[in-house]
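Residue-level listing of the chains:
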Amino acid sequence: MSGVICSPEELRSLFLFEKLTPDQLAWLCRVGRVECYEPGPVYAEGEPATRFYVMVEGTVVLSRRVGPDDIEVNRSSSPGVYSGAFQAYLGERVPQVYVNSMRVVVPTRFFVLSAHDFAGLMHDWFPMAEHLLEGLFFGTRTLQQAVGQRERLLALGTLSAGLTHELNNPAAAAVRATAALRERVAQMRGALGELAGSPGKGAALDELVRLQDDAVRAVAGQPVLGPLEASDREDALTDWLDDHDVAEGWELAPVLVQAGLDADWLEQVDAAVGPEGLPGALRWLVHGVETELLLSEIETASSRISSLVGAARQYSQLDRAPYQQVDLHELLDSTLVILGGKLGPGVTVVRDYDRSLPRVPAFAAELNQVWTNLIDNALYAMAGHGTLTISTRTEDDQAVVGFRDTGPGVPADIQGRIFEPFFTSKPVGEGTGLGLDISWRIVVHRHHGDLRVESVPGDTLFRVTLPLTAHDPDQEEAHDE
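Sequence order sets the numbering: in each chain, residues are counted from 1 along the sequence as written. Confidence filtering applies because this is a predicted model: local features only for residues at pLDDT of at least 70, side-chain atom pairs given and counted only at 80 or more, and all residues used for totals across whole chains, interfaces and linings. Only hydrogens and water are removed before side-chain values are computed, so all heavy atoms of the structure are retained for them.

The next subject is unusual backbone geometry. Phi angles above zero are rare outside glycine, and Ala383 is one such case at about 50 degrees. With respect to the element layout, Ala383 can be found in the loop between helix H11 (364-382) and strand E13 (386-395). Labels follow the DSSP assignment, with helices taken as runs of H or I lasting at least four residues and strands as runs of E lasting at least two, numbered in each case from the N terminus.

Below, the structure is given as structure tokens:
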């Protein structure tokens, strides 16, 4: 780096200074200086922003830190482009650090002002413009925070709506089964009293209890039958019951078939109680079988409720440390459970998981918000019909999570903008334009990873990359607001 003479006329040739007065140009040359840089770095992202740079001639490259890599965001040879401490006029209200890194690739001349002098210039020369810029900067940030909060509330709404939808079915099933169970127990008590009161039949109760135990064990191990096979077995048992003068055998046969009982078992009942006691004994036994079936239904519904609550706890991470080693597959599966009500019968979900993927250091609840946004966008794009493939793998010491859908795709002309705040391709009222921006910030700024999209009609892939090694969660970038 070397200094050269500052020329007011050369400064006037730069678009940034072309409207300044001779006195203002002279002041700039007096307090600033022109410096020459050889190819190499000029400043690094995150360092204190002490200087404001305006390129006079040469080529500059601006980059941002994404995970372990520096990603080029702009390259220019246009005289007058600027970077550095351009937020100095905001003072201590924002962190005064460089928000990107700058290097030059050919010998380059800059006009350089100290951050203090640039702030004074803005205060003295452009007071109205300064107020307008302040309002724009802080107003945009406030709006982004407010809408971002709404986006988080929408995610909470998705959680509650999905959980409510999924809990409704097993809860309703448990209520129905409980009501039916109460009725069957009452009927079983009545049938038992009738059976015990029959002359000479009390001695057969021991054998009936044994047969009922056999029936209960059969219920536990009975496979689900196909409709045709079940119908054939019901017809066969109905014929047996009719042949043995058991009234309304067509009501008893479906329960017996569901429990896996056959004509041989009925013959044992007949042998134990004889023809006169057979109808009452069968009704008592069938009520016992129905009781066991209802208990199994209640157990299944209760287990489903328990698993849903567990998924909700995993999704929200309410009982976990905010930064921890997490199993990405658990997070993905819990999100799918929560969003189960949105999937619909026309959507096929394919889990292409690499089960050897190690645990990843992460803010688990925030990653669940990313999964929610990406899955929700894919479902919206597919409009109820298509295939959603969620994949995981390890690549270059990083975890890669892919969300691929068969929707119409993201148009090529907007792919570069979809992660911008407030940008949305959805109709008015259906999107805030912050879901992908928030997801990008969570992945890139909070986890030092990367989020990219590849899309053609019928095949869209959102690719999330996360480091497998931990970083300091308190070292967030200054421009992460």
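There is more to say after this.
A few words on the pattern of salt bridges. Salt bridges are identified by distance alone: a Lys or Arg side-chain nitrogen within 4 Å of an Asp or Glu carboxyl oxygen. Summed over the entire model, instances satisfying the criterion amount to 13 salt bridges. Glu35 is the salt-bridge partner of Arg33, the closest N and O atoms lying 3.2 Å from each other. One salt bridge connects Glu57 with Arg109, and the closest N-O pair in it is separated by 3.0 Å. Taken together, the positions of Glu57 in strand E4 (residues 51-57) and Arg109 in strand E9 (residues 108-114) put the pair 52 residues apart, joining distant regions of the chain.

The next subject is the packing of aromatic side chains. Stacked, edge-to-face and tilted labels apply to pairs of Phe, Tyr and Trp rings (six-membered ring for Trp) whose centres lie within 6.5 Å, assigned for plane angles under 30 degrees, over 60, and everything in between, in that order. Counted under the stated rule, the structure contains 9 aromatic pairs. Clustering of aromatic rings is evident, with ring pairs tying together Tyr37, Tyr43, Tyr53, Tyr98 and Phe110. Sitting above the plane of the Phe363 ring, Arg446 keeps its charged end 3.9 Å from the centroid. Throughout this description, the term charge over a ring refers to an Arg CZ or Lys NZ atom that lies within 6 Å of the ring centre and within 35 degrees of the ring normal.

Throughout, exposure labels follow a simple rule: accessible area from a 1.4 Å probe, protein chains only, divided by the maximum for the residue type, with under 20% read as buried, over 50% as exposed, and the rest as partly exposed. Across the 11 residues of helix H9 (residues 328-338), 8 count as buried, placing the element largely inside the fold. Those residues of H9 that sit buried are Leu328, His329, Leu331, Leu332, Ser334, Thr335, Leu336 and Ile338. Polar contacts here mean pairs of N or O atoms no more than 3.5 Å apart (in protein, one a potential hydrogen donor and the other a potential acceptor; neighbouring residues in sequence count only if both atoms are side-chain atoms). For H9, the capping residue at the N-terminal end is Asp327, with a side-chain oxygen 2.9 Å from the backbone nitrogen of His329.

A word on the nonpolar core. When a protein is soluble and globular, its nonpolar side chains tend to lie buried together. Throughout this description, the term nonpolar core refers to a set of buried Ala, Val, Leu, Ile, Met, Phe, Trp, Tyr and Cys residues connected via side-chain atoms within 4.5 Å. Grouped together as the largest cluster of nonpolar side chains are 39 residues, with contacts concentrated most on Leu328, Trp371, Phe403, Phe462 and Val464. Of all the secondary structure elements, the ones that give two or more residues to this core are H9, strand E12 (360-363), H11, E13, strand E14 (398-405), helix H12 (435-446), strand E15 (450-456) and strand E16 (459-467). Counting 37 residues, the second largest nonpolar core, distinct from the first, contains Leu20, Leu25, Leu90 and Val94.

Here the focus is a negative patch on the surface. A patch consists of residues exposed above 30% relative accessible area that lack any salt bridge, with like charges linked at up to 9 Å and nonpolar side chains (Val, Leu, Ile, Met, Phe, Trp, Tyr) linked at up to 5 Å. What sets the accessible areas is the Shrake-Rupley method with a 1.4 Å probe; for residues, cover comes only from the shown protein chains. Only four residue types enter the charge count: Lys and Arg as positive, Asp and Glu as negative, with His and the chain ends excluded. Charged side chains are reduced to one point each, which is NZ for Lys, CZ for Arg, CG for Asp and CD for Glu. Together, Asp232, Asp235, Asp239, Asp242, Asp243 and Asp245 give the surface a local cluster of negative charge. Looking at the element boundaries, Asp245 is found in the loop between helix H6 (227-243) and helix H7 (249-258).

The next thing to look at is the state of the cysteines. A covalent bond between the sulfur atoms of two cysteines is what we call a disulfide. Cysteine sulfur atoms are paired as a disulfide whenever they come within 2.5 Å of each other. Scanning all chains against the criterion turns up 1 disulfide. Covalent S-S linkage joins Cys6 and Cys29, the inter-sulfur distance amounting to 2.2 Å. Given an S-S torsion of about -65 degrees, the disulfide between Cys6 and Cys29 has left-handed geometry. Of this pair, Cys6 sits in the loop between strand E1 (2-4) and helix H1 (8-12) while Cys29 sits in helix H2 (residues 22-31), and the two are 23 residues apart along the sequence. With respect to class, Cys6 is no different from Cys29; both count as buried.

A separate point is the sheet that holds E15. Spatial strand order, E11-E13-E14-E16-E15: 5 strands in an open sheet with mixed pairing. Strands with a single pairing partner mark the edges of an open sheet, and in this sheet they are strand E11 (347-352) and E15. If you compare each strand with its neighbour and ignore which way they point, the axes differ by 15 degrees on average. Pairing between strands is defined by DSSP: at least two bridges between the two strands are required. Pairing geometry for E11 and E13, over 6 bridges, is parallel. When the bridges of E13 are listed, Val349 appears paired with Leu388. Between two residues, a contact is recorded if the distance between any of their heavy atoms is within 4.5 Å. Comment: axis = line fitted to C-alpha atoms, over the contacting stretch for helices; angle = value between 0 and 180 degrees taken between N-to-C directions. Taken strand by strand, H11 contacts E11, E13, E14, E15 and E16, and its axis lies near 25 degrees from that of E14.

So, on to the confidence of the model for the protein. Scored by pLDDT, the protein has a mean of 78; 74% of the residues are at 70 or more. Values of pLDDT, ranging from 0 to 100, describe the predictor's confidence in every residue of the model. Here residues 427-433 is modelled with pLDDT under 50, and outside its nearest four sequence neighbours on either side it reaches 14 contacts, counting other chains as well.

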